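Chain by chain, the residues run as shown.
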Amino acid sequence: MITYIIRRFLYALPLLMAVNVLTFVLFFVVNSPDDMARMQLGQKHVTEQAIQNWKHQHGYDLPLLWNGGQAGGKQLTDTIFYQKSVNLFLFDFGISDSGRNIGTDIRQRMWPSLALALPSLIVGLLVNITLALLMVLFRNTYVELGSSVLCVMLMSVSSLFYIIGGQFLIGKLLKLVPISGYDSGLAALKFLILPVIISVVAGIGSGARWYRTLFLEEVEKDYVRTARAKGLTETQVLFKHVLKNAMIPILTGVVVVLPLLFMGSLIMESFFSIPGLGSYTIDAINRQDFAIVRSMVFLGSVLYIAGLLLTDISYTLVDPRVRLS
Amino acid sequence: MIVLWTDALIYLLVVTSVVFAWYLGRQQHMRRPLKKIAASPVAMASLTLLLCFALIGLADSIHFKDGDSRGNEAVSLLDVACDTMRKHGEKTYSAPFAVHGYAKETLALDDGSTRWDYPRLQYGGAHLADPETEWAGDVFDKTLSGFSRGAGLMLMVLLLAWGDQHERRRVLWRSASSKAVWAALFLVVSGCYTLFSLSAYYHVLGTDKVGEDVFYQTLKSIRTGLVIGSLTTLVMLPLAIVFGIMAGFFKGWVDDVIQFIYTTLNSIPSVLLIAASILMVQVYMTNHPENFNNLLVRADMRLLFLCLILGVTSWTGLCRLLRAETLKLREMEYVLAAQALGVKPAMILFRHILPNVMHIVLISVVLDFSSLVLAEAVLSYINIGVDPTTHSWGNMINSARLEMAREPVVWWSLTAAFVFMFALVLAANLFADSVRDAFDPRRAQAS
């Protein structure tokens, strides 16, 4: 087990390296630091001196990959690639193009993101599983047909409509909760209710359908027939036996996304102006702040790889038949 | 005639899909699932709706130079068909079927004095002398006459079809799915006819901030949605098929390398990858303005890039499925037999493996379509989607955010985008479901 985890960690290193090189190519080779400086300083009336100053200030005045002007190891280290990319491995994100410390920003904005994402995930999971179990309980009746049709219809609505509609209906017409905003501590609760409800509703269509197929697969199996033959009622079979066995795919599906919860949801946070990492990223994209986008790409891939690792480990924990090798 | 890049690719896509459909129809083992789809009324009705959308999208993809404009402006066949809507621009917002403007302004009266009131629209309901009394009757009349003409046209076609005496075809007409197709066609054709004939007199879905007809905008957006949904698969398929089959078939280091590539791509959050690439494209375009002097070409290139990037980020899922399936297939007797007979690996891949994974490809293409259409809206909202000048549902929703906060609420843009998008995505989802049910061997056995 321990050796397996260590091996997976070692395998993650080249992956992160590849991610790093890829983002580096995307950000620096396609457009030069000169272009970035022009973009930050504005397109017009920029002197050559101002560009040089900006580049020096942000450390972009070095060669890209190989510094011939230096001696020894500095030939490699005194380059943009080394300065900007290798530090990411140590989670030292540096200074954003607008001059703020990215690491502090991320640590600060992580919590609002989590405060929105975690309840949405848990409530959504409970609602979806309950609905899916009900659909399986009433299978081959009009109830199931109707709810399947409803699920497809819910799935066909863009999440943007749910957000705009929800904000309009609950926030503006009924005035139950504030439309958007955020506060620290427990006061944040009233701001979080609406986004959580909306993200749960938006996920019902695809979620309930997905869990339904999982449960339907289980219902066909032999142990279910045995349980029925034993004389258990249909609800007992479903909730005790089917649900327990279907928990394995459900759990592993959830574990993958757990680390990514820190990244927050781009759309939700920017619509409800919650100061989390999602809205941070969107702001960076809109301001064309490459340093932030690059750090978020790196952070996202680290979390994704962590999610994969957690999935493998959780497989062995919940399903003793699976052995890691 | 002007052929934009996406236009050319759309023609290519149409040709490919026709060839593919013809190939599928000739395969003996594909007949059963195809028949199953044809027998399902829901699938056939949604396919009809999808084809109607595709027809509008195709009409919007045939561009030529505008005759009466001096510049290098290109118009499409759809623009010509919607000429009245395109030219009937108002000053600013107006509600659906409105005859008066959205905001009050100072009106100059005949006797020289001024009045603070809602102005009459320049085109919407301009033929009415006294809107207060005539309006309701006129709208009713025009709707009824438009609908009856459209319905009459369809009834005539239906009668002709019904009068067809050929025995085999008569059996075909009587099946449930053909009835569903006719019903869907009837609704679409008569609905379109009504809306089009009404839009000569009114703005049926209102106008937007700069006074452009919203119905025209939604019609134009159809092409953008379809392009994103379909061209992306054109980018994604070669990558997924080649890499997936090769990884599964050759195993060893080929498999390792390909797995490494797709895990790397997968681990980058796709929204961020798209954002980064679009930012790069933007920077490239601002630095090379000479290649993108035309607004239409510029928007078109950005749309194409978006499809490319979406394709690059979304091939990994299908690739993994294909790899797993090929790993299973390569141990099959017929592949082993081919190997024993000395057939070259490339030939085995092409003749024996590829046709046997086609059902997976087909299922994932139709399943991905709707999610791509939905993704376009989200991406446009974050400003990393299509060009802001391109008509798209995403851009309409994006602007609707601010409109919902106005007083009185400007709801028509959002509603129009919602209805059209919902119709397209719902049809795509329903069709995808029945394709999956028909082609997935596991589900086919169960039923």
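Under an unreviewed UniProt entry, the name given to chain B is ABC transporter permease, and the source organism is Methylomonas rivi. Here is the UniProt Sequence similarities (unreviewed entry) comment for chain B, exactly as written: "Belongs to the binding-protein-dependent transport system permease family." In its Subcellular location (unreviewed entry) section, UniProt records this for chain B: "Cell membrane".

Within an unreviewed UniProt entry, the label attached to chain A reads ABC transporter permease, and the organism entered is Methylomonas rivi. For the record of chain A, the UniProt heading Sequence similarities (unreviewed entry) holds the text "Belongs to the binding-protein-dependent transport system permease family." Entered under Subcellular location (unreviewed entry) in the UniProt record, the comment concerning chain A runs "Cell membrane".

### Notes on the confidence of the model for chain A
Taken as a whole, chain A shows an average pLDDT of 82; of its residues, 89% reach a score of 70 or greater. Element-level pLDDT for chain A is lowest in helix H4 (residues 74–77) of chain A, with a mean of 65, against a maximum mean of 90 in helix H7 (residues 142–155) of chain A.

### A few points about the interface of chain B and chain A
The interface is formed by 47 residues belonging to chain B together with 45 residues belonging to chain A. Between chain B and chain A, the buried area comes to about 4000 Å², and carbon and sulfur atoms account for 77% of it. At the surface where chain B touches chain A, the tally comes to one salt bridge. Listed by contribution, the elements that provide at least two residues to the side of chain B that touches chain A are helix H10 (252–267), helix H11 (270–287), helix H14 (345–381), helix H15 (393–404), helix H16 (412–439) and helix H17 (441–446) of chain B. Along the lines of polarity and charge, the residues of the side of chain B that touches chain A split into 30 nonpolar, nine polar and eight charged.

### Description of the pattern of salt bridges
Counting across every chain of the model gives 17 salt bridges over all chains. Here A:Glu218 makes a salt bridge to A:Lys221, at a shortest N to O gap of 3.2 Å. Taking relative accessible area as the criterion, A:Glu218 reaches 11% and is therefore assigned buried. By relative accessible area, A:Lys221 is classed as partly exposed at 40%. Ionic pairing is found between B:Glu325 and B:Lys328, a salt bridge with its closest N-O pair at 3.6 Å.

### Comments concerning a nonpolar patch on the surface
Judged by side-chain polarity, A:Met1, A:Ile2, A:Ile6, A:Leu10 and A:Leu13 come together as a nonpolar surface patch covering roughly 510 Å² of accessible area. One can find A:Ile2 in helix H1 (residues 2–29).

### Points about the UniProt feature "domain: ABC transmembrane type-1" (unreviewed entry) in chain A
Mapped onto the present numbering, the UniProt feature "domain: ABC transmembrane type-1" (unreviewed entry) falls at residues 110–314 of chain A. Helix and strand shares over residues 110–314 of chain A are 79% and 0% respectively, and the end C-alpha atoms of the span are 24 Å apart.

### Some details on the side chain of B:Asp387
All names here are of chain B. With respect to the helices, strands and loops of the structure, aspartate 387 is situated in the loop between H14 and H15. Look at aspartate 387: it is buried, it has no salt bridge, and the nearest opposite charge is arginine 302 at 4.1 Å. Within the structure, aspartate 387 has its side chain in polar contact with the side chain of threonine 389 (distance 2.5 Å).

### As for the UniProt feature "transmembrane region" (unreviewed entry) in chain A
The UniProt feature table records "transmembrane region" (unreviewed entry) at residues 9–30, 114–137, 149–171, 191–211, 248–272 and 292–318 of chain A. Counted over residues 114–137 of chain A, helix gives 100% and strand 0%. Its end C-alpha atoms are 34 Å apart.

Criteria and cut-off values
- Residues numbered from 1 in each chain as written.
- Chains lettered and ligands numbered in written order.
- Predicted model: local features only at pLDDT ≥ 70, side-chain atom pairs only at ≥ 80, totals over all residues.
- Heavy atoms only, no water.
- UniProt positions renumbered as here; feature names shortened; annotations may be inferred.
- pLDDT = per-residue confidence, 0-100.
- Helix = DSSP H or I, 4+ residues; strand = E, 2+ residues; numbered from the N terminus.
- Contact = heavy atoms within 4.5 Å.
- Buried area = accessible area lost by both parts, 1.4 Å probe.
- Salt bridge = Lys/Arg side-chain N within 4 Å of Asp/Glu carboxyl O.
- Nonpolar A, V, L, I, M, F, W, Y, C, P; charged D, E, K, R; others polar.
- Buried < 20%, exposed > 50% of the residue type's maximum accessible area, 1.4 Å probe, protein only.
- Patch = residues over 30% accessible without salt bridge, like charges linked within 9 Å, V, L, I, M, F, W, Y side chains within 5 Å.
- Areas by Shrake-Rupley, 256 points an atom, 1.4 Å probe, with all protein chains shown as cover.
- Lys, Arg positive; Asp, Glu negative; His and termini not counted.
- Polar contact = N/O pair within 3.5 Å; in protein donor to acceptor, adjacent residues only side chain to side chain.

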